[in-house]
Amino acid sequence: SIIEPTCKETPDFNLCVSLLNSDPRGSSADTSGLALILIDKIKGLATKTLNEINGLYKKRPELKRALDECSRRYKTILNADVPEAIEAISKGVPKFGEDGVIDAGVEASVCQGGFNGSSPLTSLTKSMQKISNVTRAIFYSNSIVKEEACGSSWPSLALNIDSKACVVSLQNIQFNRGRTCW
Amino acid sequence: AFEWNNSMLSWQRTAFHFQPEQNWMNDPNGPLFYKGWYHFFYQYNPNAAVWGDIVWGHAVSRDLIHWVHLPIAMVADQWYDSNGVWTGSATFLPDGSIVMLYTGSTDKAVQVQNLAYPEDPNDPLLLKWVKFPGNPVLVPPPGILPKDFRDPTTAWKTSEGKWRITIGSKLNKTGISLVYDTIDFKTYEKLDTLLHRVPNTGMWECVDFYPVSKTAGNGLDTSVNGPDVKHIVKASMDDTRFDHYAVGTYFDSNGTWIPDDPTIDVGMTASLRYDYGKFYASKSFYDQNKGRRVLWSWIGESDSEASDVQKGWSSLQGIPRTVVLDTKTGKNLVQWPVEEIKSLRLSSKQFDLEVGPGSVVPVDVGSAAQLDIEAEFEINKESLDKIIGNASVVAEAEEFSCEKSGGSTVRGALGPFGFSVLATESLSEQTPVYFYVAKGKDSELKTFFCTDTSRSSVANDVVKPIYGSVVPVLKGEKLTMRILVDHSIVEAFGQGGRTCITSRVYPTTAIYGAAKLFLFNNALDATVTASFTVWQMNSAFIHPYSDEAVRALSRT
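On a predicted model such as this, the values are computed, not experimentally measured, just so you know.

Caption draft 1: Molecular detail of the packing of helix α4 (residues 64-90) of chain A against helix α5 (residues 94-113) of chain A. Residues and elements named next belong to chain A. With their axes 8 Å apart at the nearest point, α4 and α5 run at an angle of 170° to one another. On the basis of the axis angle, α4 is roughly antiparallel to α5. Here the hand of the crossing between α4 and α5 comes out left-handed. Residues Glu-69, Cys-70, Arg-73, Tyr-74, Thr-76, Ile-77, Asp-81, Glu-84, Ala-85 and Ala-88 of α4 form the contact with α5, whose participating residues are Pro-94, Phe-96, Gly-97, Asp-99, Gly-100, Val-101, Asp-103, Ala-104, Glu-107, Ala-108, Val-110 and Cys-111. Of the residues that constitute the contact of α4 with α5, the class distribution is twelve nonpolar, three polar and seven charged.

Take a look at the structure:
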């Protein structure tokens, strides 16, 4: 299995291994297959978070505005980021998949930021950011997507470099959003 | 988090740039001029505002500015393009007919080249396209990975009378451009040599290859060659998403090309770029109507996909640019918005202002969301002499860079100065486009042209880089810039188009009537004279497809 060597290239080895080992496809998957599994995890987590958001409307009606924004952001993950990423990987153009995966982390961070420091979704947000970063790193490992000079070409980004991933930071949400061509 | 409302988001849509009515667009494809019409095809997702389900969108225009959308030209309906009808280029045969070569992603996601042509050559709108029954015409050759073989160029003639194309790829980390000769566009002979290769530049996408005149200001048809001709190789770098080019010499005999200066070869960090902002997957074509070479480019979004979904669209095309070799320097291209853009100019105001160090001056032009600005700057000679002769003024030209030297608020002896576009009255949001002149260790001055988007929006879910590069300024030249502002896009051209910067910006309050224009001079010591004209720009009113819309355009 390529799970362990691949996960060593990511910012969170333990999370990466546990996510991939929890899926029966993991042991026999190639790098693209691993990325697809992780995108499934993003989808699952987004669905779970949306359910949580729906429950919070009753429990915390005073948070309606922030919850509305979160609902919209997580629906973007489910309806735009995830399908874009799956299609891009299966069609052999992983960089658009990378865009979707990065955006999932961004949307989660934006949702979190709407609660002014007292978010009931903190742990779910962190999970999404972690999975997003691990999945992004998988794109770099084994060069599904080749290394990108995100530090040098985007100097204004608040970068928290781990491995080769450009990481979304909560305090100052910045991200690299590029597109490829063919 | 910043909460976008629909009024803010609908303001971001442009008024005179090409964009589909809705959903996702990327690369320009097969641009051409046929029977009085400019045709534009593009990578298009008809189903969503994010990438996917790619087909060929299509539009026509009489002037490259006013467009009518046409029905989709090609969809993914064959095994050899069922995973996507990807980027391609057009070639005119001597009898005036058109062949289109494009990349298909097959049912197995292998990248192959396919041939298509208009069903009815008498239809100036070229509405229907036929895919050659013998497709694919090219598959990845031995040694090339199945997903590294895409974006065929326009064909050019060899001295033997064959057609020749080039296709970008990579070998390990070396970016390469494969070369094929053909007589009928159906069967191809691969040359043993590469057009060019540059180690450590990664996959080359959307390669463009064309001649430029060393002496004349006109464009050249792709097959032109001769002693007065240099050749440009451009590649879109998959690794960095920048479009790099180099000027060099083409050898017809073996289909190879070498750069004039190997230290700035295609894709090297120090090599030239068409544009130092958001600009990728560009493609040029020879416009036989006006004898010029015109450059199209995909300008992506810098906001979040949630905003794209809410807006219902994603991506623009830059205003088409004429592209010629800079006959004054001989070392770089100059790019300039096509002259037809001037037809959108409405009322203008002229200004002649002297601005001292540390000043910001409102420029009263009314609403500033759609502008064309042409400006000339002159640093006061007295200030200039004082700086050059003053040993205590630190030499910084060697270290300065737009991206890394802090942007428009960091003050030096001779800059920054320029315009803040899309600014609020209080400058809480603004996008400065400016020159920064720096003294070198040799006391020579070096000029940089930059756009600082870091304060363009208070929203926290958009990317806000500082862009720019050095711009050549020859002895006796004034500093000049042109800026096109069209809602969420700002296109800046320094020194007549030697250095260009395209930015996407998403202001939240500097919108509608609150979008203002300012002139600023943040230099510590220099007084600057600015002479400039600002035009309000009309909308291009891009129309959905209807016979009436086509008739209306054809009357123009």
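Structure's up, so let's keep going.
Caption draft 2: Structural detail: the pattern of salt bridges. One pass over the full model with this rule turns up 45 salt bridges over all chains. Put simply, Arg-241 of chain B and Asp-99 of chain A hold a salt bridge, and the shortest N to O gap is 3.5 Å. Of this pair, Arg-241 of chain B sits in the loop between β15 (229-237) and β16 (242-251) while Asp-99 of chain A is found in helix α5, placing the two residues in two different chains. Among the salt bridges present, the one from Glu-378 of chain B reaches Lys-478 of chain B, with a minimum N-O distance of 3.8 Å. One end of the pair, Glu-378 of chain B, is in strand β27 (residues 370-379); the other, Lys-478 of chain B, is in the loop between β31 (466-470) and β32 (479-486), and 100 residues separate them in sequence. For Lys-478 of chain B, a relative accessible area of 37% corresponds to the partly exposed category. Ionic contacts of the salt-bridge type, sharing partners, join the residues Glu-69, Arg-72, Arg-73 and Glu-107 of chain A together with Asp-461 of chain B into one network.

Caption draft 3: Layout of the state of the cysteines. Residues and elements named next belong to chain A. Within this structure, the stated rule accounts for three disulfides over all chains. Between the sulfur atoms of Cys-70 and its disulfide mate Cys-111 the distance is 2.1 Å. Residues Cys-70 and Cys-111 are joined by a disulfide whose S-S torsion is about 90°; by sign, that bridge is right-handed. One end of the pair, Cys-70, is in helix α4; the other, Cys-111, is in helix α5, with 41 residues separating them in the sequence. Each member of the pair, Cys-70 as well as Cys-111, carries the same accessibility label: buried.

Caption draft 4: Structural view of the environment of Phe-279 of chain B. Residues and elements named next belong to chain B. Within the secondary structure, Phe-279 is located in the loop between β18 (272-273) and β19 (280-287). The exposure class assigned to Phe-279 is buried, which follows from its relative accessible area of 5%. Separated by 55 residues in the primary sequence, Phe-279 and Val-224 have C-alpha atoms spaced 27 Å apart. Other than its neighbours up to four places away in sequence, Phe-279 contacts Arg-241, Asp-243, Tyr-274, Leu-295, Ser-297, Trp-298, Ile-299, Arg-321 and Thr-502.

Caption draft 5: Summary view of the environment of Val-360 of chain B. All names here are of chain B. In this fold, Val-360 is placed in strand β26 (residues 359-363). Given the relative accessible area of 42%, Val-360 is considered partly exposed. Considering only alpha carbons, one finds Val-360 and Thr-451, 91 residues apart in sequence, at a separation of 17 Å. In contact with Val-360, not counting residues within four places along its chain, are Leu-427, Phe-518, Leu-519 and Phe-520.

Caption draft 6: Layout of the sheet that holds β31 of chain B. Residues and elements named next belong to chain B. Strand order in the open sheet made by the six strands is β26-β35-β28-β29-β30-β31, with antiparallel pairing throughout. Looking at strand neighbours, the two that pair on one side only are β26 and β31, the edges of this open sheet. Within this sheet the neighbouring strands show an average axis-to-axis angle of 15°, counted without direction.

Caption draft 7: Layout of the packing of aromatic side chains. Residue and element names in this part refer to chain B. All chains considered together, the criterion is met by 38 aromatic pairs over all chains. On the numbers, 6.3 Å between centres and 65° between planes, the contact of Phe-149 with Tyr-180 is edge-to-face. Pair noted here: Phe-149 is in the loop between β8 (129-131) and β9 (156-157) and Tyr-180 is in strand β11 (residues 174-182), with a separation of 31 residues, a long-range link. There is no split in this pair, since Phe-149 and Tyr-180 are both buried. Measuring from ring centre to ring centre gives 4.9 Å for Phe-351 and Phe-532, while their planes differ by 15°; the resulting arrangement is stacked. Placement of Phe-351 in strand β25 (residues 345-355) and of Phe-532 in strand β36 (residues 528-537) is noted, with a sequence separation of 181 residues between them.

Cut-offs and rules
Starting afresh in each chain, residues are numbered from 1 along the sequence in its written order. Ligands are numbered from 1 and chains lettered from A, in the order in which they are written. It should be noted that, the model being predicted, local features are given only for residues of pLDDT at least 70 and side-chain atom pairs only at 80 or more, the latter also being counted only at that level, while totals for whole chains, interfaces and linings use all residues. Excluded from the side-chain calculation are hydrogens and water; included are all heavy atoms of the structure. Between N-to-C directions, angles cover 0 to 180 degrees, with each direction set by a line fitted to C-alpha atoms, over the stretch in contact for helices. By the criteria applied, helices consist of DSSP H or I runs no shorter than four residues and strands consist of E runs no shorter than two, each listed in order from the N terminus. Geometric relationships in this document are graded by angle, where less than 35 degrees denotes roughly parallel, more than 145 denotes roughly antiparallel, 65 to 115 denotes roughly perpendicular, and other angles denote oblique. Take the far helix as your reference; a near helix turned counterclockwise from it by less than a right angle gives a left-handed crossing, and one turned clockwise gives a right-handed crossing. Contacts are assigned to residue pairs with any non-hydrogen atoms lying within 4.5 Å of each other. Classification used: nonpolar for Ala, Val, Leu, Ile, Met, Phe, Trp, Tyr, Cys and Pro, charged for Asp, Glu, Lys and Arg, polar for all others including Gly. Basic side-chain nitrogens of Lys or Arg form a salt bridge, by our definition, when they fall within 4 Å of a carboxyl oxygen of Asp or Glu. Buried residues are those whose accessible area, probed at 1.4 Å on protein chains only, stays under 20% of the maximum for their type, while exposed residues exceed 50% and partly exposed ones sit between those limits. Sulfur atoms of two cysteines make up a disulfide when they are within 2.5 Å. Two strands qualify as a pair provided DSSP detects at least 2 bridges between them. Any pair of Phe, Tyr and Trp rings, taking the six-membered ring for Trp, is counted once the centres come within 6.5 Å. Such a pair is stacked with planes under 30 degrees apart, edge-to-face with planes over 60 apart, and tilted for the rest.

The quantities given are spatial measurements derived from coordinates; they are silent on function.
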